[in-house]
Each structure stands twice: as structure tokens, then as C-alpha cells.
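Observations on chain architecture
Residues per chain are reported as follows:
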Amino acid sequence: MAKDPVRVLVTGAAGQIGYALVPMIARGIMLGPDQPVILHMLDIPPAAEALNGVKMELVDAAFPLLKGVVATTDVVEACTGVNVAVMVGGFPRKEGMERKDVMSKNVSIYKAQASALEKYAAANCKVLVVANPANTNALILKEFAPSIPEKNITCLTRLDHNRALGQISERLNIQVSDVKNVIIWGNHSSSQYPDVNHATAAGKPVRELVKDDEWLNGEFITTVQQRGAAIIKARRLSSALSAASSACDHIRDWVLGTPEGTWVSMGVYSDGSYNVPAGLIYSFPVTCKNGEWTIVQGLPIDEFSRKKMDATAEELSEEKALAYSCLS
Ligand SMILES: NC(=O)C1=CN([C@@H]2O[C@H](COP(=O)(O)OP(=O)(O)OC[C@H]3O[C@@H](n4cnc5c(N)ncnc54)[C@H](O)[C@@H]3O)[C@@H](O)[C@H]2O)C=CC1
Ligand SMILES: O=C([O-])CC(=O)C(=O)O
């Protein structure tokens, strides 16, 4: 019997990532090849015409799984009945703006959208925040949508995770699908810590195969940390294709489960695991089963890693304080 359609919200749907993401969702890349979807696309009034253009293209593409499209600038209409919400819309940093000004704009956007999701989304809606500052936007969303379980509010660090897999695969000249269990700890920012201490390639420890700790503890880390900026420099646009693909990976694994023996990185609400302060949205290694993520426990952490995990936690605590100061 055909499955009932799942309603998927994409905010900022007229933007770069939105344009790459909505056809992936409509093709079944996010929720599976047998899962019909209804797309809800939200953007702001100045982007209404472009948003309507995206809707026209979705119709023209005749996706068999796409059972409906809602394209709107009304946040209530956008959020009504959604089962999955991918929050890509936000206020970008513009020349001459202070960090606090950007934070303040995003705090008010995420506060309003949290309230709409809280009131109008389907029960048990799963939320993925992509827009930067992704971890802190997700935290604000959690604060203002208290009836959505905190386990349902996450942010995207899967792109960083996939970037780390890609770097190892290139370095070892090995298929990327043979590399697994890297970890992104912390913030989706240049303070993140891409950790290969538990990673394997074709079943062998990555450190043993690479045989170059100087590279793994230096250039590898900075390349992953700075990859977003490098793409923006090269394309003069954000990493839309890889962000959209990674957002699909994040939701697919969350809903359908991670393969046995494999973990992925997700920004989730910290419960204090690995001595990361509770109450931050922090990227951890997780496995997923039956629609729920669980932080992988018990991994040994060396002194080098500890310092890097603490530094990115410190940055998130500062962002949290800044975000809260924008609320008062
Ligand atoms: N977490 C991650 O791995 C990544 C995050 N990003 C972030 O994703 C976000 C989107 O990037 P792009 O698509 O390249 O930007 P973009 O500027 O092309 O698109 C953003 C869209 O959001 C819309 N928007 C602005 N305020 C909105 C609101 N209140 N409600 C609904 N829509 C709103 C804009 O009109 C625009 O269409 C940015 O914040 C970017 O920094 C980008 C790459 C990776
Ligand atoms: O700063 C940005 O918009 C780009 C970004 O997050 C990334 O590509 O990781």
C-alpha cells in the first residue's frame, strides 16, 4: 500500500541551498524512494516571485513522489502540519555589520519561526537548522518551541562530517564510501574539531593508514574548518549543492537509521556527555534507530582532542550569551 505523504518544510526555499535542496527532497533522496512528500516552501516577501518560480519548476519536473507544493511568505501557512522542518532561511552577515547585529536579526527570525512550529507543526516534527549560526539558531528555536521535544531539534554538521570523509578519501586515494566514523565536535564554525582518532578506512584505523600525524593534526583540520569559506571564495556563493545533499543525509539517517557500526555527526542538545556543557547545541557522534539519535558513548579522548572540544564549546557558550543578550 502507498505510504501517506510526509510534509517537509524548507525555509529560505528561494535561496541557493533551497534551490538545490527541494528537487532532492522531491526525488526521494531525503526520505526514501517510496516516500511521497508534500513540500512547504517559505521565503520572505521580496523573494515571493523567485519562490513562485521554484514552484513552477517543481511542477514542470513532474516528480512522481511530489504530491503537492505550498509556496508562501506566510509562516503559519508554511508550518501547518509539517512533519520535517529544514530551516535554511536566515539573515546573512553584510558588510560593516557587527556580530551582534547579525545575531539579533537571526534570534528574532528563529524566535518567531519557533513559535509557529510550536503551534502549527505536526506532533513529533523533526527540525534541522542549516542557517548560520546554525547551532545557536537551533538553540533559540528550542527555547521558543518548548512543546517540541528537545531531541527533535538539531543542526547541520553533516556537511563538515562529509567534508572530513572527502579529505581522507582523497589523501588515501580510497573510495569515500570506505571511510567512516570521523567525528565533528562542537560548533558549525571554524572552531569545530574534525576528529579522526576513531575513523577507519576499509576497516583499518585512518591514523595508521595516513601515517602523518602532522597533517592530521594540522592541515586536515584547518581544511575542513575553512572549507565553507574556500567554497564561497571559489564560487562567490555558498556551498549549496553539498549543504543540500548533507541535509538530506542528516534527515535520512535520522529517520531511517544509520548503518550498523557507523556513526554520523549531528548538532544536538547536549546532555553533558563527554563533559560538554549541558544546554548547548553541540555536534556529537550519533547513531540513529527508530527515528531517534543516541550519542555514541565511551570513546577515549586524548589531551589534544579535549582542548579542541573545550575551545569549540567555549565559543558556543559565548554565542549563547550573545543570543540571550539580544532577547532582553
Ligand atoms: N550548516 C551548514 O553546513 C551550512 C549553512 N549555510 C547557511 O545556510 C543559510 C542559507 O544559505 P544560502 O541558501 O546560500 O543563502 P541565500 O541567501 O541564497 O538564501 C537564504 C534565503 O533565506 C531567505 N530568508 C531570509 N530571511 C528569511 C526568513 N525570515 N524566513 C524565510 N526565509 C528567509 C532569503 O530571502 C533567501 O532566499 C546561510 O545562513 C548560510 O550561512 C550554508 C552552507 C552550509
Ligand atoms: O558561512 C557559510 O555560509 C558557509 C558555511 O556555513 C559552510 O559552507 O559550511
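Now for a description of the structure that goes with this document. Since the structure is predicted, the reported quantities are computational estimates derived from the model, not experimental observations.

On to the site of ligand 1, then. The full set close to ligand 1 counts 20 residues, and Gln-16, Ile-17, Asp-43, Asn-132 and Ser-238 are the nearest of them. Contacts to ligand 1 include Gln-16, whose backbone N or O atom sits 2.9 Å from an oxygen atom. Ser-238 places a side-chain nitrogen or oxygen 2.4 Å from an oxygen atom of ligand 1. Bound to the protein, ligand 1 loses 81% of the 860 Å² it would expose on its own.

It is worth spelling out the packing of aromatic side chains at this point. All told, the structure shown has five aromatic pairs when counted by the stated rule. With centroids separated by 5.0 Å and ring planes inclined at 50 degrees, the aromatic side chains of Tyr-282 and Phe-284 adopt a geometry described as tilted. Three or more aromatic residues joined by ring pairs make a cluster, and in this case those are Trp-185, Tyr-274, Tyr-282 and Phe-284. Across from the ring centre of Phe-91, 5.2 Å away, lies the NZ or CZ of Lys-105, which sits over that ring. Lying across the ring of Trp-215, Arg-171 places its NZ or CZ 4.4 Å from the centre.

We now examine the sheet that holds strand β11 (residues 204-205). Reading across the sheet, the three strands line up as β7-β10-β11 and stay open at both edges, with antiparallel pairing between neighbours. Of all the strands in the sheet, just β7 (179-180) and β11 have a single pairing partner and so form its edges. By the bridge criterion, two bridges tie β7 to strand β10 (residues 200-201) in an arrangement that is antiparallel. Across the sheet, Val-179 pairs through a bridge with Ala-201, a residue of β10.

The next thing to look at is the site of ligand 2. The immediate surroundings of ligand 2 are formed by Asn-132, Arg-163, His-188, Gly-228, Ile-232 and Ser-239. Within the contact set of ligand 2, an oxygen atom lies 2.8 Å away from a side-chain nitrogen or oxygen of Arg-163. The side chain of His-188 places a nitrogen or oxygen atom 2.7 Å from an oxygen atom of ligand 2. The fraction of the free accessible surface of ligand 2 (270 Å²) that becomes covered by protein chains is 68%. Residues of the shell around ligand 2, tallied by class, amount to one nonpolar, four polar and one charged.

With that settled, consider the nonpolar core. Grouped together as the largest cluster of nonpolar side chains are 73 residues, with contacts concentrated most on Val-8, Leu-21 and Leu-58. Leu-21 has contacts with Val-10, Met-30, Val-86, Val-88, Ala-244, Ala-247 and Cys-248, leaving out every residue within four places of it along the chain. Counting 32 residues, the second-largest nonpolar core is a separate cluster that includes Cys-79, Met-87, Ala-114 and Val-129.

Below, the discussion takes up the pairing of strand β13 (residues 281-289). In terms of burial, β13 is a largely internal element, seven of the nine residues being buried. Where strand β12 (residues 264-269) meets β13, six bridges bridge the pair, whose relative direction is antiparallel. Bridged to Val-264 within β13 is Val-286. Judged from the four bridges that link them, β13 and strand β14 (residues 292-295) form a sheet pairing that is antiparallel. Following the sheet pairing, Lys-289 is matched in β14 by Glu-292. As consecutive antiparallel partners, β13 and β14 are separated by two residues, and within that stretch Asn-290 has a phi angle of approximately 50 degrees, a positive value.

Summed over the entire model, instances satisfying the criterion amount to zero disulfides. The thiol of Cys-155 is unpaired, and the distance to the nearest cysteine sulfur, on Cys-288, comes to 14 Å. In this structure Cys-155 comes out as buried when scored by relative accessible area, which is 0%. In this structure Cys-326 is not part of a disulfide, and its nearest cysteine sulfur, from Cys-155, lies 18 Å away. Classification of Cys-326 as buried rests on a relative accessible area of 18%.

With that settled, consider helix α11 (residues 303-327). The terminal C-alpha atoms of α11 lie 36 Å apart, and with 25 residues this matches the ideal 36 Å at 1.5 Å per residue to within 8%. Buried residues of α11: Ser-305, Met-309, Thr-312, Ala-313, Leu-316, Glu-319, Leu-322, Ala-323 and Cys-326, and no others. Here the buried face of α11 lies against α4 (99-120), α5 (134-143), β8 (183-185), β9 (193-195) and β13.

Conventions used here
Residues numbered from 1 in each chain as written. Chains lettered and ligands numbered in written order. Predicted model: local features only at pLDDT ≥ 70, side-chain atom pairs only at ≥ 80, totals over all residues. Heavy atoms only, no water. Near = heavy atom within 4 Å. Polar contact = N/O pair within 3.5 Å; in protein donor to acceptor, adjacent residues only side chain to side chain. Areas by Shrake-Rupley, 256 points an atom, 1.4 Å probe, with all protein chains shown as cover. Phe/Tyr/Trp six-rings, centres within 6.5 Å; stacked < 30°, edge-to-face > 60°. Lys NZ or Arg CZ within 6 Å of the ring centre and 35° of its normal. Pairing = 2+ DSSP bridges. Helix = DSSP H or I, 4+ residues; strand = E, 2+ residues; numbered from the N terminus. Nonpolar A, V, L, I, M, F, W, Y, C, P; charged D, E, K, R; others polar. Core = buried A, V, L, I, M, F, W, Y, C linked by side-chain atoms within 4.5 Å. Buried < 20%, exposed > 50% of the residue type's maximum accessible area, 1.4 Å probe, protein only. Contact = heavy atoms within 4.5 Å. Disulfide = S-S within 2.5 Å. Expected span 1.5 Å × (residues − 1).

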